[in-house]
Amino acid sequence: MPSPSPSPAAPALPISEHEDEIIAAVEANSVVVIIGETGSGKSTQLSQILHRRGYTRRGAIAVTQPRRVAAVSVSRRVAQELDVPIGDEVGYAIRFEDRTSERTCIKYLTDGVLLRESLSNPELKQYSVIILDEAHERSLNTDILLGLMKRLIKDRASDLKVLITSATLDGLKVSRFFSGCPVLNIPGTLFPVEKFYSTERPTNYIESSLRTAIDIHVKESPGDILIFVTGKDDIDKMVSKLEERIQNLEEGSCMDALVLPLHGSLPPELQASNCYCCIFDLLLALFPVRVFAPAPPNCRRFIVATNVAETSLTVDGVVFVIDCGYVKQRQYNPTSGMYSLDVVQISRVQADQRAGRAGRTRPGKCYRLYPISIYEKEFLEATIPEIQRSSLAGSVLYLKSLNLPDINILKFDFLDPPSRESLEDALRQLYLIDAIDGSGQITDVGRIMADCEKLPLEPSLSRTLIEANELGCLSQALTVAAVLSAEITMRSTKSNDMEGKRKRQELPDGSGWGDHIQLLQIFECWEQTGYDPKWCVDHDLQVRSMKFSKDVRKQLSQIIQKIAKGPTDVNSRYGWKSDPDYRKLRRALCIGYGNQLAERMLHHNGYHTVGYRSQLVQVHPSSVLESDEYGKYPMYVVYHELISTTRPYMRNICAVERAWVEPILKKLEKLDINRLSGGSSSVKDSEPLDVEDKQVISPEKALDTKQSEVESKIQAARERYLARKGKK
DNA sequence: GAGCACTGC
């Protein structure tokens, strides 16, 4: 038996003093909002309180978490406090892992898992209480759950309790959303953090952070410094400059220093010491994920981090925080169908969250590299919720597949509704991949897809799998879907890394058909080695993401075998022997990605996207798509995503054929957004979709490319083509 | 010929 826990002393938690108040509110209301700051104990105690008071007699308590590690570590903690083995009365369910049993009455799960559960059981009858924890993070899934809960409490008014708990969520707003439900405030255990503001925005925030950090190091008492920057490049720059400046300090003038980078793509073994994958301090003693040796005594750590350190990872020992006031954020533009990754100002909630990182162990200090006027007047109150920054095709299909009565997607009750453009964009996408018909009704294919939505995939890929099953290339399509989900990446991407470049050149090249085919070939090669991690390293591939894609593939195979009516072949390998040009697979991809189709320009290698508001885009330079003997790319391609960086690019591309594209073009002509959204009653909203809409900007202008440049590019592509042929 | 914040099913 493991030694007993270092006596967590639950009574010391602020929430215990409010037990009667909480129970009274829950007794009298279907929905209660609980605002509890860090360290209030809400995540571990609320479920236990309700359990003690008999709420588990008629069903289990579900507690959602936005992150897997949180679901696991919090449930372990609760099991320990109740002195039961995990998986019995207390359990957790996350993707790939279900540690629950029939006896489980307190169940921690990720919000995504609860959404999946409600597909097979829309009323969620197994639960008497549903607690949405950390709702202030406003993940896409939490927001959908909030809308579903609002519907559910009407149907189950007598036997369901919903608790919405968070650190800083605007309680009044949520209360209004749930027709004036009560809001309880539970204090936290954070220490005060003193805030200092700059008089103006620095022109160079790296330099400014650097100076502040050195200043703290020289003048302040011991305590680690956490520096928030926006990305990996800035982290690397900061780390090397910090080391250099610390070296230059007079010897013996201050304590030793250790500079550590911290961002999401670091391999776990390199992450900063004493980083804990837990959400609050009680857990720290129990589940440390210690990666470095702890800092030696009389040594100050400088942790240069992205916003992983804001919520996902807690660094112990931080007393000083330096906050540049920016964050890198991915956003989706529903009108162009394009993603971009932009550096934007953080919100006040985020700024306070960052500051709070300094006050976990003792009173701290936060240096904000912006004036207080910017904090007060320019920063948004809260971060724009994910639902307003993402493509909603998957979520809309999910809601349609719930078969809820009287559901009108455009009028679904969201806490913060996504824009009309965004919902219409989702409907258009679903129409183009045959999930809904011209009047917005779910189709036969859509019904199968609704089933397939049990597959954790975006709609394009579920549609591809259905088609692949028909065409007899399911096994290959499963691999492609799995590998794309894992976003396998090269380990080093620096262009000056000759070693990495050489390794990558030894990888299969998609036989010229594009990136989906290459990914398939890479996975099949790895499979042939018996999933040898060394093979990944030898070919500059991240072992972690390769293993993840293997897990995903296994999961997808299991699910599809359960839901498919006819026979499925998930394991046939090396389909290229019978289909050397991957025609079946590419055809399935063409149908699945009918909403992400592009047509090449006649005279150069630029493409325009096919569909609503056509965009001018280019093949991403990392693509292995091959041009023909004249240096031209294929006339039609489908792409996995559009990403706007220095230019608008298509990423992950597959060559398709004209004959396969025709039906999609025909569908486009018939598309009428008013019918799709079921809004035929309103004349005012009608804005007929014309094919003319597509011609927005002239190709040459948009691509900003002179004719001569185009010619030289084609010439270069042609030379590469000939060189490749020569090599073969 | 470019570059990738963070989650999750």
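Details of the structure are given in the entry above.
Figured I'd write up the structure that's included with this text. (Residues numbered from 1 in each chain as written. Chains lettered and ligands numbered in written order. Predicted model: local features only at pLDDT ≥ 70, side-chain atom pairs only at ≥ 80, totals over all residues. Heavy atoms only, no water.)

1. A few points about the overall build of chain A
Helix and strand content of chain A: 25 helices and 23 strands. The burial tally for chain A puts 53% of its 728 residues in the buried class. If you take every contact in chain A between residues at least 6 apart in sequence, the share linking residues at least 24 apart comes to 75%. For chain A, the exposed area adds up to about 32800 Å²; of that, 50% sits on carbon and sulfur atoms. (Helix = DSSP H or I, 4+ residues; strand = E, 2+ residues; numbered from the N terminus. Buried < 20%, exposed > 50% of the residue type's maximum accessible area, 1.4 Å probe, protein only. Contact = heavy atoms within 4.5 Å. Areas by Shrake-Rupley, 256 points an atom, 1.4 Å probe, with all protein chains shown as cover.)

2. Comments concerning the pairing of strand 20 (residues 607-610)
By the bridge criterion, four bridges tie strand 19 (residues 597-600) to strand 20 in an arrangement that is antiparallel. By the bridge assignment for strand 20, Leu597 is matched with Val610. Two successive antiparallel strands, strand 19 and strand 20, enclose a turn made up of six residues. The sheet contact formed by strand 20 and strand 21 (residues 616-619) spans two bridges and is antiparallel. Looking at the pairing, His608 lines up with Leu616 of strand 21. (Pairing = 2+ DSSP bridges.)

3. Some details on empty space enclosed by the protein
Any empty space left between atoms is shown by rolling a water-sized probe over those atoms. Taken as a whole, this structure holds four cavities of 30 Å³ or more when the rule is applied. Space inside the second largest cavity adds up to approximately 40 Å³. Lining the second largest cavity are Leu226, Ala309, Leu313, Thr314, Val315, Val318, Arg357 and Arg360. Classifying every residue of the lining of the second largest cavity by side-chain character gives five nonpolar, one polar and two charged. (1 Å grid on protein atoms, 1.4 Å probe; cavity = no way out; pocket = protein on both sides within 12 Å on 5 of 7 lines; lining within 4 Å. Points joined across faces, edges and corners; volume = space filled by probe spheres on them. Nonpolar A, V, L, I, M, F, W, Y, C, P; charged D, E, K, R; others polar.)

4. Regarding the sheet that holds strand 6 (residues 127-132)
Across the sheet, eight strands lie side by side as 4-3-5-2-6-7-1-8; this open sheet has mixed pairing. Single-partner strands in this sheet number two, and they are strand 4 (97-99) and strand 8 (183-186). For this sheet the average axis-to-axis angle between neighbouring strands, irrespective of direction, equals 20 degrees. Relative to strand 8, strand 1 (residues 31-36) runs parallel, the two sharing four bridges. Looking across to strand 8, one finds that Gly36 is bridged to Ile186. Sitting on the sheet, helix 2 (residues 42-52) is in contact with strand 1, strand 2 (60-65), strand 5 (106-110), strand 6 and strand 7 (161-166), with an inclination near 145 degrees to strand 5. (Axes fitted to C-alpha atoms, helices over the stretch in contact; angles between N-to-C directions.)

By themselves these figures say nothing about function.
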